[in-house]
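Take a look at the letters that make up each chain.
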Amino acid sequence: TGSGGGSINSIPSGIACTSSSCQSSFTTGTSVSLTAIPNSISNFTSWSGACTSTSNTCSVTMNTDTSVAADFTSSPRAMIASTGYTSLADAYSSATNGVNIMLLTTDAVESLNLNRGIAISITGGCNASFSSCNEMTSIDSPLIISNGSLNVSGVEVTTGTNTYSISGTVTLASTGVQGIAVALS
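Described below are features of the structure shown in this document. Please read these numbers as outputs of a predicted model, since none were measured by experiment.

For the structure shown, the criterion picks out 3 disulfides. Here Cys51 is linked by a disulfide to Cys58, with a sulfur-sulfur distance of 2.0 Å. Looking along the S-S bond of the Cys51-Cys58 disulfide, the torsion reads about 65°, which is the right-handed sense. Judged on exposure class, the residue Cys51 and its partner Cys58 are both buried. The partner cysteine of Cys126 in its disulfide is Cys133, sulfur to sulfur 2.0 Å. Torsion about the S-S bond of the Cys126 and Cys133 cystine: about 90°, corresponding to right-handed handedness. Classification of Cys133 as partly exposed rests on a relative accessible area of 26%. For the protein chain, the bonded cysteines pair up as 1-2, 3-4, 5-6 when numbered in the order they occur along the sequence.

Here it is in structure tokens:
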């Protein structure tokens, strides 16, 4: 249930659900261990029904028909400190000078014009909990830097059929000149 997705598996085997409901039969008295695994853009929140834990594992003893649900929530696409945003553009519009915007490991189909004259960092490739940023985030539209400073890592920009990785720092003064900062890799 919830806005996210994931899977639930059981030991002993019999349950292997991916973002849908499923059922299985077990012998009366069997202890069934369930594990909730969020997909790459979701977080596991909690169990409901016969399990009420916030741990991603729960155990039920099968003495009667039993119902259990796992709640997965969608991760925000961008994060500044502990505040989540639905897009990079939303995060940038709320950013203050010197902040780091972390991006989820996913495709961001949006363009962004950095035009507010502030220095920001963008770190891409973050996992759903934003506790680790070791992958890449793809931005599938132009990233324009027209005024301000950008320090970026873990981001690639796709324009047409070409993909460019971005890293390092770019600073543009308020000159009215627009450009895109990409480095081939």
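Attention now moves to the environment of Leu103. Residue placement: Leu103 occurs in strand β9 (residues 100–104). Measuring from C-alpha to C-alpha, the distance between Leu103 and Gly125 comes to 6.2 Å, with 22 residues separating the pair along the chain.

Read across the open sheet, the 4 strands follow the order β2-β1-β3-β5; overall the sheet is antiparallel. In the strand order of this sheet, the two ends are held by β2 (16–18) and β5 (57–61), each with one partner. Direction aside, the axes of adjacent strands within the sheet are offset by 20° on average. As paired elements, strand β1 (residues 6–11) and strand β3 (residues 31–38) share 6 bridges and run antiparallel to each other. Note on β3: the bridge partner recorded for Ser10 is Leu34.

Calculation notes
- Just so you know, the residues in each chain are numbered from 1, in the order the chain's sequence is written.
- Selection of residues for local features in this predicted model requires a pLDDT of at least 70, selection of side-chain atom pairs for listing and counting requires 80 or more, and totals for whole chains, interfaces and linings are taken over all residues.
- Side-chain numbers come from the whole structure's heavy atoms, not from hydrogens or water.
- Cysteine sulfur atoms are paired as a disulfide whenever they fall within 2.5 Å.
- Think of it in three bands: with a 1.4 Å probe and only protein chains considered, a residue is buried below 20% of the maximum accessible area for its type, exposed above 50%, and partly exposed in between.
- Only runs of H or I of at least four residues qualify as helices and only runs of E of at least two qualify as strands under DSSP, and these elements are numbered from the N terminus.
- Whether two strands pair comes down to DSSP finding at least two bridges between them.
- Every axis corresponds to a line fitted to the C-alpha atoms, with the helix fit spanning only the stretch in contact, and the corresponding angles, defined between N-to-C directions, vary from 0 to 180 degrees.

In short, the description is geometric, and any link to function would need to be established separately.
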